[in-house]
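Summary of structural features
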Amino acid sequence: MAFVVSSSFTSPSFKFDPLQQTGRPLFLTVHKPFEGLRLARNLDILGKQGEYQTQSQVSTIPANSSKASNRTPRVTSAIVGNGLYTQGTPEVRRISPERNQGLPSVKIVYVVLEAQYQASVSAAVWNLNRKRKDAVFEIVGYLLEELRDQNTYNMFCKDLSDANIFIGSLIFVEELAQKVKAAVETERERLDAVLVFPSMPEVMRLNKLGSFSMSQLGQSKSPFFQMFKRKKKSAGFEESMLKLVRTLPKVLKYLPSDKAQDARAYIMSLQFWLGGSPENLENFFKMIAGSYVPALNKTQLEFADPVVYLDTGIWHPLAPCMYDDVKEYLNWYDTRKDANEKLKNPNAPVIGIALQRSHIITGDDGHYVAVVMELEARGAKVVPIFSSGLDFSTPVERFLYDPITQKSLVDAVVSLTGFALVGGPARQDHPRAIQALSKLDVPYIVALPLVFQTTEEWLISTLGLHPIQVALQVALPELDGGLEPIVFSGRDARTGKSHALHKRVEQLCTRAIKWAQLKRIAKEDKKIAITVFSFPPDKGNVGTAAYLNVFSSIFSVLQELKKDGYNVEGLPDTSEALIEDIIHDKEAKFNSPNLNIAYKMNVREYQQFTPYAKALEENWGKPPGNLNSDGENLLVYGKQFGNVFIGVQPTFGYEGDPMRLLFAKSASPHHGFAAYYSFLDKIFKADAVLHFGTHGSLEFMPGKQVGMSDVCYPDSLIGNIPNIYYYAANNPSEATIAKRRSYANTISYLTPPAENAGLYKGLKQLSELIASYQSLKDSGRGTQIVNSIISTAKQCNLDKDVALPEEGTELLAEERDSVVGRVYSKIMEIESRLLPCGLHVIGQPPTAMEAVATLVNIAALDRPEDEIYSLPGILAEAVYRNIEDIYRNNDSGILKDVELLKQITEASRGAISTFVDRTTNKRGQVVNVAETIGSFLGFGRKEPWIEYLEKTMFRSADQEKLRTLFGFLSECLKLVVADNELGGLKQALEGCYVLPGPGGDPIRNPKVLPTGKNIHALDPQAIPTVAAMQSAKVVVERLLERQKADNDGKYPETIALVLWGTDNIKTYGESLAQVLWMVGAKPVADALGRVNKVEPVPLEELGRPRIDVVVNCSGVFRDLFINQMNLLDRAIKMVAELDEPLEMNYVRKHASEQAQTLGIGVREAATRVFSNASGSYSSNVNLAVENSSWNDEKQLQDMYVSRKSFAFDSDAPGAGMKENKQVFEMALSTAEATFQNLDSSEISLTDVSHYFDSDPTNLVQNLRKDKKKPNAYIADTTTANAQVRTLSETVRLDARTKLLNPKWYEGMLSSGYEGVREIEKRLTNTVGWSATSGQVDNWVYEEANSTFIADEDMLKRLLETNPNSFRKLVQTFLEANGRGYWETSEQNLERLRQLYSEVEDKIEGIDRT
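Residues numbered from 1 in each chain as written. Predicted model: local features only at pLDDT ≥ 70, side-chain atom pairs only at ≥ 80, totals over all residues. Heavy atoms only, no water.

1. Focus: the overall build of the protein chain
- Each helix and strand counted, the protein chain has 58 helices and 39 strands in total.
- Taken over 1409 residues, the protein chain has a buried fraction of 65%.
- When contacts within the protein chain are restricted to residue pairs at least 6 apart in sequence, those whose partners lie at least 24 apart make up 76%.
- By element, 49% of the accessible surface of the protein chain is carried by carbon and sulfur atoms, the whole surface being about 49,500 Å². (Helix = DSSP H or I, 4+ residues; strand = E, 2+ residues; numbered from the N terminus. Buried < 20%, exposed > 50% of the residue type's maximum accessible area, 1.4 Å probe, protein only. Contact = heavy atoms within 4.5 Å. Areas by Shrake-Rupley, 256 points an atom, 1.4 Å probe, with all protein chains shown as cover.)

Okay, structure coming up:
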């Protein structure tokens, strides 16, 4: 039935207007394009009974706001003032009435998370004081974030000192909760009443209302504490509290004891608060003051019971009431007389909107009204649902289904709450949310109201959203599958009221409608723009994507779409023909260097379709410019097949310009880049764009980190087109950047299957010699075989990694074993190294053997949280050994244990191969997993792994542990072979909900599989975990021991290291924890398990000096984990201020020296957390190397310093990244070691350019006074046996297992065109390491030349398959020699020069015969 709205519900028409108190001029933002606001202003005409006040709907912005201009100016400076995220003041929430002699005074102080209650609270108090009947009320309110400022906090404490009542709500930020607790605790006994509504447990314990208290919360079985513990059964504390609110007052009313009545008063207080209209709050204040303020004991303050509203329902600003029945709402909606013609169209899209009830009943609903009106003005019907709590799964299920067909009523859902679907700031229930959204099966968009900042603060912030809001209202909704974090409303600094941001509302509504229309457009009419990348810009690089065979994948996708009814007319018969169509200009010669031109856009057309074109001229001059241009027109490269356009995204444009690469901040997109996206939107009129593979440039264009404004380039470029993005499953960090900055629905794809590197050539010969030695070592041939082993190892250049005696040296039997053990350990390390073979094709399931390699590595890890033991550990126990001891002895080259580890490895592979073999068809594909597993578990047959192990020395392995492990592996096998990559794409294209899932390493976290999910990262406040901290300690201690061994037994005083976003997601913060452990600090989780606090580890416990650090955070880490940057900076500065001996605290030692030199304080001198400027990424060293656009190493080092010297300051976190070159260089000058982590077998040092791009090894040498090169180390945690190697050791290992390994390069060449590019890329990245560190041995280049150039058959294959990439390969060899990184024969160089000339002619189509 309909819920008849009382006057208490309607947007309250109270007289109080704090704007009038300020005397500042205002203007109403009414923009002609913004039809929603125009309609909102006419509500008194269109609405019923004149109940709605214009002030609650019309955006009210200060006249000096930058929104007064047509387009927001681009941000050039960060926040000023106190350096915090907000410059808000409680004075705008202070009401101090004149004291009336004879009337007692009641002072109330409140602290809230956000400002939505401000207007209602103020109106209630003004109304009480206007009556002046029994008391006068003074009130002052603080936003939680304001308490970061020390002056504001002091004011808060002063206000509390003479207050009667304290009220707190939603205090869920740990560091600020502690400040509130400290202040209130001091005054608690004196205060007449302390009322804290859902907040952190330590703040909830402050509650005091007569005899009612929560001081025992968490220390007893109180119902309140139990609610905190219900993590999985409920949406958290608030949802449980709501249940109590609805039932307890009725029961307690009839209990005579004071304690029961005080408890009832508390529950009623919560009812009043949650029903936060001015009327409810006025009665709330009267009830508490009259009952608990002693001065009013003899006064009977009359108050009404709380006005109760629907807990859930449907609300529309033009409706006469709230509805709790969808039929009645639809009856009203379909008979509206004010509806425009678009809404009468039966094919009009329908949008569900999720709203917070508190905004509606407090009258703070102007931003909601604007969205509703804008959607309707653009032709979309709406169903706006609300909830009093934070569980929206129930209203979704009740109100968003057609009451007759029971099918989804809506085509998309837009949440305006900013929170996860189920749960608020404290607890979330993501499985429950996913269940509700999966059933509804429509796109789920989560838009953002500004909570912790005013509109002006957000506009001028380079960071964008406050990090706490990013954690609570961006990261958490992403776990539900939420898309498009568009800021749609701001907050006025004085009134606290929300107002619509008209440009943002337009963007939100237009994009929501476009997503909704995907459900209604027929497949044959749907226009799809597939976008591929070409980086570095070269014809041989068209179709660049990590681990992906792009054109074979596109061909596979288009064939599937064609079967499904999409129009892909003219699709070639093969993927090779598809490549030819895209990369060759058919109007020119076949071997033309130009790509196929799909469209020529003249300048006038470009300017008409690109409203932000003028802003690009600052960096690129007048259009058309010289990029993607013929001098007159802007060129769009690609090819159209029916309703599918395959286009080539332009590159950044500055990668070949050394001067631009030196700029500290990235340039805007160039005109050709902008023209490409204008073409997709305005000319091709794409219904969706599919960015194909990891990754392009769109999401890395300048703009705010999170929470784009209309002048942020990613927002401008993507415009209104729904963005679907195939992203590698192992790269959740950059996928999250694409999700947040380019509004992408990121669909995961599998990385190539991992295989063991194996042995080849001399390494294989070494293995055979070692096998001979083991069988003949006690015979007279032992010495002879050892000499052969030493000789062969040197031929394989293993003497760089293993200490080898001279050939012919007399060795004792034990010494011979030691030499052989060390060589054996090294070649087994090479043999067992995992490497991805070939390139993945979308939708291709893995073969059985591919599944084996993955499962072997999944089985190699302990999973104590699930009581699953690793297979190597179980097998070691079978022979009465500990696997950790075996690992250590293997690393030390103890022959007996090297052999034992090999036997364990082979037994693991054998047992799992036997298991997988039972599930393999004749084509080698894995099928029927469930049936096969059931056949030998359900009918008493002996398990295949047991059958296998009974034939080995491990026959006594614990069968129960094995059964548990293989039960887990059977589930993993199902995930490995499941495939939804094409399915996930089709769901997105059809406007359906794509199931969310974590990204990361499938070996560490098999839940990454199956692919085809909407990738998300994790809750940034959840790391580092306890397990990550334990793993970090192991790696740090091994790193320090290795450095001591290489540094005459001395600890390094400073280590320069890198933090990556993806690594920390995969490992739940291991490298972050490493930094903390180096400086001797540890994270402290709050009562909700979130990490927002650190404390020092006592030196006695640490057992060594505190190591100084220089932390280089990648731009992606900065965007995703700015809370953790805050944590690190606080930890380092805390350690720098400890009163400890300088020889035991290198942080303090260096900070003190640098403070004295620079004339600054120790805290500023202890700045150690650096990254790029906001909106910029990388040091550009990689761009310079990849494009050969650098003169010397000094230029690369200047790029690094210029780009990476932006510091984060936890004392002024709102200021964003601030350039601080002096401290950066001075800190680096003390580094004795550089350090990076490898956490996944899929990515190693030469696979991507990011690693050398962030390497400061040569830079540190140049900055050090003694010019000594620091030791460079790499931690390898890709296996259970974590290793710390030198950088040069790791480069050699990479070269042996990939670039020079036939198994790897033949796997790549099987992918054809893309495979040649992958080989060239590895060589280029190797040159990058030479340039930044000088840690590449000459033999690596020599062997590469022998493999790819001296071998005529190989040379011919490379040249014919991808001549452009082959040319780059030859050029890179010549460059390596020219820059002094490779010494070789003149004969080799002459051959390379000749080849370069020949391939140039071939590409240009020149015949010199």
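2. A look at the pattern of salt bridges
- For the coordinates displayed, the defined rule picks out 76 salt bridges.
- Between Glu1137 and Arg1163 there is a salt bridge; the shortest N-O distance is 3.0 Å. Of this pair, Glu1137 sits in the loop between helix H44 (1122-1136) and helix H45 (1146-1158) while Arg1163 sits in helix H46 (residues 1162-1165), placing them 26 residues apart in sequence.
- Residue classification places Glu1137 among the partly exposed positions, given a relative accessible area of 42%.
- For Arg1379, the salt bridge identified is with Glu1375, shortest N-O distance 2.8 Å.
- With a relative accessible area of 25%, Arg1379 lands in the partly exposed category.
- Because the salt bridges share partners, they merge into one network encompassing Glu91, Arg94, Lys107, Asp159 and Asp162. (Salt bridge = Lys/Arg side-chain N within 4 Å of Asp/Glu carboxyl O.)

3. Things to note about the sheet that holds strand S36 (residues 1218-1219)
- Overall, mixed pairing links the eight strands, which are arranged S36-S35-S34-S33-S30-S37-S38-S39 in an open sheet. Unpaired on one side and paired on the other, S36 and strand S39 (1283-1286) mark the two borders of the sheet.
- Note: strand S30 (residues 1054-1059) against strand S33 (residues 1108-1113), six bridges, orientation parallel. Each residue of the ladder has a partner; that of Leu1059, found in S33, is Cys1113.
- Most of the contacts of H44 go to strand S34 (residues 1169-1171), to which it runs at about 145°, and overall it touches S30, S33 and S34. (Pairing = 2+ DSSP bridges. Axes fitted to C-alpha atoms, helices over the stretch in contact; angles between N-to-C directions.)

4. A look at the sheet that holds strand S18 (residues 498-500)
- As summarised here, the arrangement of the three strands in space is S16-S17-S18, forming an open sheet in which the pairing is mixed. With one partner strand each, in any of the chains shown, strand S16 (448-449) and S18 form the two edges of the open sheet.
- The sheet contact formed by S16 and strand S17 (residues 487-491) spans two bridges and is parallel. Bridging from a neighbouring strand, Leu448 pairs with Val487 of S17.
- In the packing of helix H19 (residues 502-517) onto the sheet, the strands contacted are S17 and S18, and the crossing angle to S17 comes to about 155°.

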